[in-house]
Amino acid sequence: MSRKKSGAQAVGPPAAGKAKKKKVRTLSRQNLSLAWSTIRGRKGGFTAVLIAVAIGSAVISACGVLLETGISSGVPAERYHRTAVVVGGYQAMEVEGDADPRLSERVRLPADTAEKVGAVKGVESAVGDISVRTTVLRNDSVLDGPPVYGHGWSASVLAPFTLRSGTPPRAAGDVVLDSVLARRAGVAPGDTVTLVTGSKPGSYRVSGVAEPAVSLERQGAVFFTDDEAARLHGMPGKIDAVGVLAAKGTDAGDLADRIEKAVPGVVTYTGDDRSDAETLDVGQMRSFVIEVASAFGATMILLVIIVVAGTLALSVQQRRRELALLRAVGATPRQVLRMIGGEAVIVGGIGAVLGAVPGILLAMLLHSVFTAAGALPPGFSLVITATPVLCALLICVLAARIGGWLAARRAAKVSAVEALGDVAVEPKKLGWFRLTLGVLLVPAGLAVAIVLPIALPGESAIEGAASSALVLVIAVGLLGPKLFGGVASLLARRRGDVTWFLATANSRARARRLSAATTPLIMGVTMASAQLFSGTTLAATAHDQAVDGVIADHVVTSDSAGISPGLAEELRGVPGIRTVGPVARTSTILTWPDGDSIQYRISTAQGVDPAAVPDTMNLGVLRGDLSGLTGSTVALSRLVAGTVGADVGGQVDVHLGDGTVQKSKVVAVYENGLGFGDVTLPHDVVLAHTTDHLDQWLMVNTDREADLSAALKPYPTLSVRTAGAVTAAPTGDSGDGGISLVLNAVLLGYLAIAVVNTLVMATISRHREFALLRLVGTRTRQVRSMMRQEAGIIVVCAVVVGTIAALPSLIGMSYAIRHSVFPSVPPLMYLGIVIAAAVIAWPAVMLPARLALRPPAVEAVSRPE
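Fair warning: this is a prediction, and the values are worked out from it, not measured in the lab.

### Remarks on the overall build of the chain
Alright, step 1. Scanning the chain from terminus to terminus reveals 29 helices and 24 strands.
Alright, step 2. By residue count, 52% of the 865 residues in the chain fall in the buried class.
Alright, step 3. Surface accessibility of the chain: about 38200 Å² in total, with carbon and sulfur atoms responsible for 60%.

### So, the packing of aromatic side chains
Alright, step 1. Applying the stated criterion across every chain, the model contains four aromatic pairs.
Alright, step 2. An angle of 65° between the planes, with centres 5.4 Å apart, marks the rings of Tyr204 and Phe224 as edge-to-face. In this pair, Tyr204 sits in strand β10 (residues 200-212) while Phe224 sits in strand β11 (residues 220-224), placing the two residues 20 residues apart along the sequence.
Alright, step 3. Aromatic rings pair up to connect Trp153, Phe161 and Phe223 into one cluster.
Alright, step 4. Across the ring face of Tyr80, the terminal group of Arg79 is positioned such that the distance to the ring centre comes to 4.8 Å.

### So, a negative patch on the surface
Alright, step 1. A grouping of Asp251, Asp254, Asp257 and Glu260 is seen on the molecular surface, where their side chains present a negatively charged patch.
Alright, step 2. Its place among the elements puts Glu260 in helix α7 (residues 252-262).

### Considering empty space enclosed by the protein
Alright, step 1. Here the structure, examined in full by the defined rule, presents six cavities of 30 Å³ or more.
Alright, step 2. Of the volumes computed, that of the largest cavity is approximately 50 Å³.
Alright, step 3. Lining the largest cavity are Gly88, Gly89, Gln91, Arg106, Val107, Asp240, Tyr269, Asp276, Ala277 and Leu280.
Alright, step 4. A class-by-class count of the residues in the lining of the largest cavity yields four nonpolar, three polar and three charged.

### A look at the sheet that holds strand β13 (residues 241-246)
Alright, step 1. Pairing is antiparallel across the open sheet formed by four strands, whose spatial order is β3-β13-β1-β14. The open sheet has two free edges, formed respectively by β3 (123-129) and β14 (267-269), since each of these has just one partner strand. Each neighbouring strand pair of the sheet contributes to a mean axis angle of 25°, computed without reference to strand direction.
Alright, step 2. Summarising the sheet, strand β1 (residues 85-88) and β13 pair through three bridges and their orientation is antiparallel. The partner of Val86 across the bridge, within β13, is Gly243.
Alright, step 3. Packed on one face of the sheet, α7 meets β1, β3, β13 and β14 and runs near 25° to β1.

### A look at the packing of helix α16 (residues 459-492) against helix α17 (residues 498-509)
Alright, step 1. One way to put it is that α16 packs onto α17 with a least axis distance of 8 Å and a crossing angle of 160°. Between α16 and α17, the angle is such that the two are roughly antiparallel. The interaxial crossing formed by α16 with α17 has left-handed handedness. Facing α16, whose interface residues are Phe484, Gly485, Ala488, Ser489, Leu491 and Ala492, α17 presents Trp500, Thr504, Ser507 and Arg508.
Alright, step 2. Counted by class, the contact of α16 with α17 contains five nonpolar, four polar and one charged residues.

### Some details on the pattern of salt bridges
Pairing is possible between side chains of opposite charge, provided their charged atoms come close.
Alright, step 1. Under the definition given, this model contains 18 salt bridges.
Alright, step 2. For the salt bridge of Arg108 with Asp240, the shortest nitrogen-to-oxygen distance reads 2.8 Å. Placement of Arg108 in the loop between β1 and β2 (109-110) and of Asp240 in the loop between β12 (238-239) and β13 is noted, with a sequence separation of 132 residues between them.
Alright, step 3. In this structure Arg108 comes out as buried when scored by relative accessible area, which is 13%.

### What to know about the nonpolar core
Alright, step 1. Formed by 47 residues in total, the largest nonpolar core has its most connected members in Phe296, Met300, Val308 and Phe370.
Alright, step 2. Elements with a contribution of two residues or more to this core: α3 (43-72), α9 (280-317), α11 (333-354), α12 (356-372), α13 (386-413), α18 (511-549) and α25 (737-764).
Alright, step 3. For this core, the element with the highest residue contribution is α9, accounting for twelve residues.
Alright, step 4. Beyond its immediate chain neighbours, meaning those up to four positions away, Val308 contacts Ala52, Val53, Ala399, Ala400 and Tyr750.

### Examining the side chain of Thr591
Alright, step 1. Tracing the chain through its elements places Thr591 in strand β16 (residues 577-594).
Alright, step 2. Note on Thr591: relative accessible area 8%, which makes it buried.
Alright, step 3. A polar side-chain atom of Thr591 sits 3.3 Å from a polar atom in the side chain of His655.
Alright, step 4. With residues near it in sequence (within four places) discarded, Thr591 still touches Met93, Ile598, Gln599, Tyr600, Val652, Asp653 and His655.

### Regarding the side chain of Thr499
Alright, step 1. Structurally, the position occupied by Thr499 is in helix α17.
Alright, step 2. In this structure the side chain of Thr499 is engaged in a polar contact, spanning 2.7 Å, whose partner is the side chain of Gln789.
Alright, step 3. In this structure Thr499 touches Gln782, Ser785, Met786 and Gln789, once residues within four positions along its chain are discounted.

### Thoughts on a nonpolar patch on the surface
Alright, step 1. Together, Val442, Leu446, Ile450, Val451 and Ile454 give the surface a local cluster of nonpolar side chains, amounting to about 420 Å² of exposed area.
Alright, step 2. Counting through the fold element by element, Val442 comes out in helix α15 (residues 432-455).

### Focus: the confidence of the model for the chain
Alright, step 1. With 89% of its residues at a pLDDT of 70 or more, the chain has an overall mean of 84.
Alright, step 2. Note that residues 731-735 has pLDDT below 50 and, in this model, six contacts with residues that lie over four places away or in other chains.

### Quick word on the environment of Val755
Alright, step 1. Among the secondary structure elements, Val755 is positioned in helix α25.
Alright, step 2. The class of Val755 is buried, set by a relative accessible area of 1%.
Alright, step 3. Val755 sits 85 residues away from Ile840 along the chain, and the two C-alpha atoms are 7.4 Å apart.
Alright, step 4. If we skip the residues at most four places from it in the chain, Val755 touches Pro520, Leu521 and Ile840.

### Some points on the pairing of β11
Alright, step 1. Among the five residues of β11, five are classified as buried, and the element is accordingly described as predominantly covered.
Alright, step 2. Alternating residues of β11 divide into Gly220, Val222 and Phe224 and Ala221 and Phe223, and every residue in both groups is buried.
Alright, step 3. Across five bridges, strand β6 (residues 148-152) lies against β11 in parallel orientation. Each bridged residue has a counterpart across the sheet, and for Val148 the counterpart in β11 is Gly220.
Alright, step 4. In this sheet, β11 lies alongside strand β8 (residues 174-178) in antiparallel orientation, the contact comprising two bridges. Bridge pairing in β11 links Val176 to Phe223.

How each quantity is defined
Residues numbered from 1 in each chain as written. Predicted model: local features only at pLDDT ≥ 70, side-chain atom pairs only at ≥ 80, totals over all residues. Heavy atoms only, no water. Helix = DSSP H or I, 4+ residues; strand = E, 2+ residues; numbered from the N terminus. Buried < 20%, exposed > 50% of the residue type's maximum accessible area, 1.4 Å probe, protein only. Areas by Shrake-Rupley, 256 points an atom, 1.4 Å probe, with all protein chains shown as cover. Phe/Tyr/Trp six-rings, centres within 6.5 Å; stacked < 30°, edge-to-face > 60°. Lys NZ or Arg CZ within 6 Å of the ring centre and 35° of its normal. Patch = residues over 30% accessible without salt bridge, like charges linked within 9 Å, V, L, I, M, F, W, Y side chains within 5 Å. Salt bridge = Lys/Arg side-chain N within 4 Å of Asp/Glu carboxyl O. Lys, Arg positive; Asp, Glu negative; His and termini not counted. Charge placed at Lys NZ, Arg CZ, Asp CG, Glu CD. 1 Å grid on protein atoms, 1.4 Å probe; cavity = no way out; pocket = protein on both sides within 12 Å on 5 of 7 lines; lining within 4 Å. Points joined across faces, edges and corners; volume = space filled by probe spheres on them. Nonpolar A, V, L, I, M, F, W, Y, C, P; charged D, E, K, R; others polar. Pairing = 2+ DSSP bridges. Axes fitted to C-alpha atoms, helices over the stretch in contact; angles between N-to-C directions. Contact = heavy atoms within 4.5 Å. Parallel < 35°, antiparallel > 145°, perpendicular 65-115°, else oblique. Left-handed = near helix turned anticlockwise from the far one by under 90°. Core = buried A, V, L, I, M, F, W, Y, C linked by side-chain atoms within 4.5 Å. Polar contact = N/O pair within 3.5 Å; in protein donor to acceptor, adjacent residues only side chain to side chain. pLDDT = per-residue confidence, 0-100.

Right under this line is the structure:
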């Protein structure tokens, strides 16, 4: 009571002649109560909005769960199971103000790091570990299964591995296999096993079989003597990691902090993060999941806002009579806005809550798909907390609130007399702001798609062209009634029966309402075309560049980890072999200044012998000369050269696979970067900074009488193939194609549900119209025929407008990628999009139409809207 009195005194009495106004907020109890009463009275009209929000909430929640999983989760350590801490190099490049990109190759440590770590208080012992990629042969064939790594026997204590039978390796020709690997290879102590490191096979005596403390799901383990492992490792003075066994009672986190302080330049891993140091793919997969979940989640948030706003707009349009009556009896525009805003908040909140549990189930399903596709390692657990769900709730309620405000603006602004006049016929004119913005976005989208690929260098042209599809989709949403009415008017010129006349007349008269229902379908056609055909254009260009660019007679490939670098020199001495060009593959990070910041790009790179390039591969050199590719030099593809702003004679900072920075002089710019890699370096430079120091291919030219297969007979993992064996170089940021396909399917699935949702909502609300048509003499079969033809108009409009909206983006991307205005559009794939649009739209119109036609006309016409 005292607070109310003091508040009244502070405000003071109202001024003379003015009534005191009570401020009512959108989320006030009174307004929410009124909104809830409206929702209860119009359950059908709000069901569509509820479904759109609930499914959007589920997808956003799933993205959030995957994002948190990528950040927080991991897989249990296997070989380092017993360790408290694992010490390794930092497997990323530090970028200020941005996420640190992962390095593709192992960052190794000096061999004396183990001694330095062992001197830290709380360390019981520190064991240096090295990993040698090894292939096991069984009956002269490569043994299937997870990758196999060789180690020194001293590192067996880190799991620990316990000898189940036999003895430890004591001679250079002895090995110990883990129990699962020994069983799969069919060997026991005393048997001989053939192991291939690089491409050189070697026979070893199985001295023992060891059982790990935990089962090895992601790898197999072979143990050599420490000296033999170091010889095979081929990196004197270097180790891969240090496994730390802690003294009793020592906390792993505290010990990790002490190690990082005592030994500068190292990174410590504890808990599940230890697996990141075991095999590099775990950390790379984690980064991939974070990037994919972030990008896909951002796209879904935008789509949810657009779809929910469109569904609410359709709901408000169907209530024009009710809102007109409210305005006529004295409701102010602000009250109408608050009422609709309250409805949007309530429906959005309920829908967001309903979508939370399905969102977690969807996250589980996507997690399983990611694991099955190899984008996540086995055992990478899903992290489920309240944070992603709460964020999805907030986003969906905010989207519904924004959509409600946008949908209610026109209904709240019109005068009461105008509102009552508008209930009979839809207003034909669009608001000036909406019309102006939509008209301006069309040339803007075309300019982005056409001008940027011509004016801008590098990937900016591709990104600019790709963004035009989104700009044009927004323009379609704003100009939807005009576009839909225009297509209907064109189709009306074709002569037909009375049902065709009714269908075209209805489409023109109800253009605003039908366009609101058709816009999600147009978005689906546009996004499906842009996503699928940009991918097919990239894939076709990369394939053509790779296949056409290989001019060697033969390509030598490996069924194991790679090809030993010494084999190229050995083959050069074989009679009849004229040219041998080794090719090593890696991933680099290019950095360049951009104002006060540093930009970076991850690029696939190849290492080549410049002397062999003219006879083995055609990179499509545009400027410069590849013969100068020695030492600290680099050749760049046209797209990357434009992106980093470097040309022949310029310099660029190249972060090699293991993080080593090299200031490289650009000696050439070439066209075929999609086929061979955007960065080409000297062969010895790439090889020295890869994890396994192996070649990917050997490109060989021979005389007709030369027998290359006979020369490779001592190497059972190698085979001779044609140019088609050279696969196109993957782009650094392309991710996994299968995962991208799955996520695009989820995105398009949401759009499909939105299409069905809005079309059902728009059709079933026309029961009074159908009843009036029957009362004036139209037969039920004629009404059905009219609706079939309206469904056809909707499909034709969606396909035509959606295709037109996607074409500028595809043409611009194709020109930027390969200087051709003709993108790669597989006819069957495009036909699939058309059929999908028809399959989605047709039943969404016809089934509710049949339901609306079931009641007698007299009964249906008396029902409320």
